[in-house]
Amino acid sequence: MLPASVVEKEKARVTFEAEVRQGNSVSLVEHVKGNSFKVRVYPLLPHTPKKVSITFMSDLAVADKAQCFSLPFNTASPLKKFSAVGSVNSDTDVKISSSFKDDLKVTSDDGLYEFKLNKQDITLSPDSLQITIPVTSDTDTKVYA
């Protein structure tokens, strides 16, 4: 898997189409609006798995004296296989929960909280994964997902 880079929208589309015409394996992530993105992957061959990895950083919303993060995905139909991994560095207790609690694995060690969510045939919604971090006057937190 190759890492992607951010380029101007039209340049990305032209490059994607050129790679498709040459028969190369290529993908394109486009910002639609707000928090919506469109992913194009080529080629998608029948009965052949294709792995797509999305990494992002997000500011955490503050509500009820806590910083909150929810996995921002909605899928209309089930995904055959889904995995999410991440970590939280925090000097306060962190609550990591999921509507798929039996499939969520969380470990913590000296302020480092790590999580893994692996699930097959999953339909995602914003409550699929939530991270809640209490806010204190000296809270120093970093979330990587």
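Note that this is a predicted model, so its numbers are computed, not measured.

Draft legend 1. Spatial organisation of the nonpolar core. Within the largest apolar cluster, 17 residues are counted, with the highest numbers of intra-cluster contacts made by Phe82, Val94, Ile96 and Ile131. When contributions to this core are tallied by element, the ones reaching two or more residues are β5 (79-90), β8 (112-122) and β9 (130-134). With 4 residues, β8 is the single largest residue contributor to this core. Sequence-distant contacts of isoleucine 96, that is, excluding residues within four places in its chain, are made with Leu104, Val106, Tyr113, Phe115, Leu129, Gln130 and Ile131.

Draft legend 2. Structural detail: a nonpolar patch on the surface. Taken together, the side chains of Val29, Phe37, Val39, Val52 and Ile54 define a hydrophobic patch exposed on the protein surface, amounting to about 460 Å² of accessible area. As for its position among the elements, isoleucine 54 is in the loop between β2 (36-42) and β3 (61-63).

Draft legend 3. Fine view of the confidence of the model for the protein. Scored by pLDDT, the protein has a mean of 82; 89% of the residues are at 70 or more. No element of the protein has a lower mean pLDDT than strand β10 (residues 141-144), which averages 58, and none a higher one than helix α1 (residues 9-21), which averages 93.

Draft legend 4. Local environment of the side chain of serine 90. Turning to its location among the elements, serine 90 is positioned in strand β5. A distance of 3.1 Å separates the side chain of serine 90 from the backbone nitrogen of threonine 92, its partner in a polar contact.

Draft legend 5. Focus on the layout of surface pockets. Computed from the structure, the largest pocket encloses a volume of approximately 3,000 Å³. Lining the largest pocket are 50 residues, and of these Val29, Val39, Val52, Ser53 and Ile54 sit closest to its centre. Per-element tally for the lining of the largest pocket: the top contributor is β5, with 7 residues. Per-class residue counts for the lining of the largest pocket are 29 nonpolar, 13 polar and 8 charged.

Draft legend 6. Representation of the pairing of strand β4 (residues 66-70) in the model. As judged from the 3 bridges shared by β3 and β4, these two strands associate in the antiparallel manner. The residue bridging alanine 63 from the neighbouring strand is alanine 66, located in β4. Linking β3 to β4, which pair antiparallel, is a turn of 2 residues; within it aspartate 64 sits at a positive phi near 50°. Inspection of the sheet shows β4 paired to β9 by 5 bridges, in the antiparallel sense. The residue of β9 that forms the bridge with alanine 66 is proline 134.

Draft legend 7. Geometry of the environment of valine 29. Secondary-structure assignment places valine 29 in strand β1 (residues 26-33). Under the relative-accessibility criterion, valine 29 is labelled exposed at 51%. Excluding its chain neighbours within four sequence positions, the residues that come into contact with valine 29 are Phe37, Lys38 and Val39.

Draft legend 8. Here's a closer look at the sheet that holds β9. Across the sheet, which stays open at both edges, the 4 strands sit in the order β3-β4-β9-β6 with antiparallel pairing between neighbours. For this open sheet the edge positions go to β3 and β6 (95-97), each flanked by a neighbour on one side alone. Shown here is a sheet whose adjacent strand axes are inclined to one another by a mean of 25°, direction ignored.

Draft legend 9. Fine view of the pattern of salt bridges. The tally for this structure, following the rule as stated, stands at 5 salt bridges. We note a salt bridge from glutamate 17 to arginine 40, for which the minimum N-O separation is 2.5 Å. A residue pair is termed long-range when its members are at least 10 positions apart, and glutamate 17 in helix α1 and arginine 40 in strand β2 qualify at 23 residues. Among the residues examined, glutamate 17 registers a relative accessible area of 30% and is labelled partly exposed. Judged by relative accessible area, which is 27%, arginine 40 ranks as partly exposed. Here the residues in one salt-bridge network are Arg13, Glu17, Glu30, Lys38 and Arg40, joined through shared partners.

Rules used throughout
- Residues numbered from 1 in each chain as written.
- Predicted model: local features only at pLDDT ≥ 70, side-chain atom pairs only at ≥ 80, totals over all residues.
- Heavy atoms only, no water.
- Core = buried A, V, L, I, M, F, W, Y, C linked by side-chain atoms within 4.5 Å.
- Buried < 20%, exposed > 50% of the residue type's maximum accessible area, 1.4 Å probe, protein only.
- Helix = DSSP H or I, 4+ residues; strand = E, 2+ residues; numbered from the N terminus.
- Contact = heavy atoms within 4.5 Å.
- Patch = residues over 30% accessible without salt bridge, like charges linked within 9 Å, V, L, I, M, F, W, Y side chains within 5 Å.
- Areas by Shrake-Rupley, 256 points an atom, 1.4 Å probe, with all protein chains shown as cover.
- Salt bridge = Lys/Arg side-chain N within 4 Å of Asp/Glu carboxyl O.
- pLDDT = per-residue confidence, 0-100.
- Polar contact = N/O pair within 3.5 Å; in protein donor to acceptor, adjacent residues only side chain to side chain.
- 1 Å grid on protein atoms, 1.4 Å probe; cavity = no way out; pocket = protein on both sides within 12 Å on 5 of 7 lines; lining within 4 Å.
- Points joined across faces, edges and corners; volume = space filled by probe spheres on them.
- Nonpolar A, V, L, I, M, F, W, Y, C, P; charged D, E, K, R; others polar.
- Pairing = 2+ DSSP bridges.
- Axes fitted to C-alpha atoms, helices over the stretch in contact; angles between N-to-C directions.

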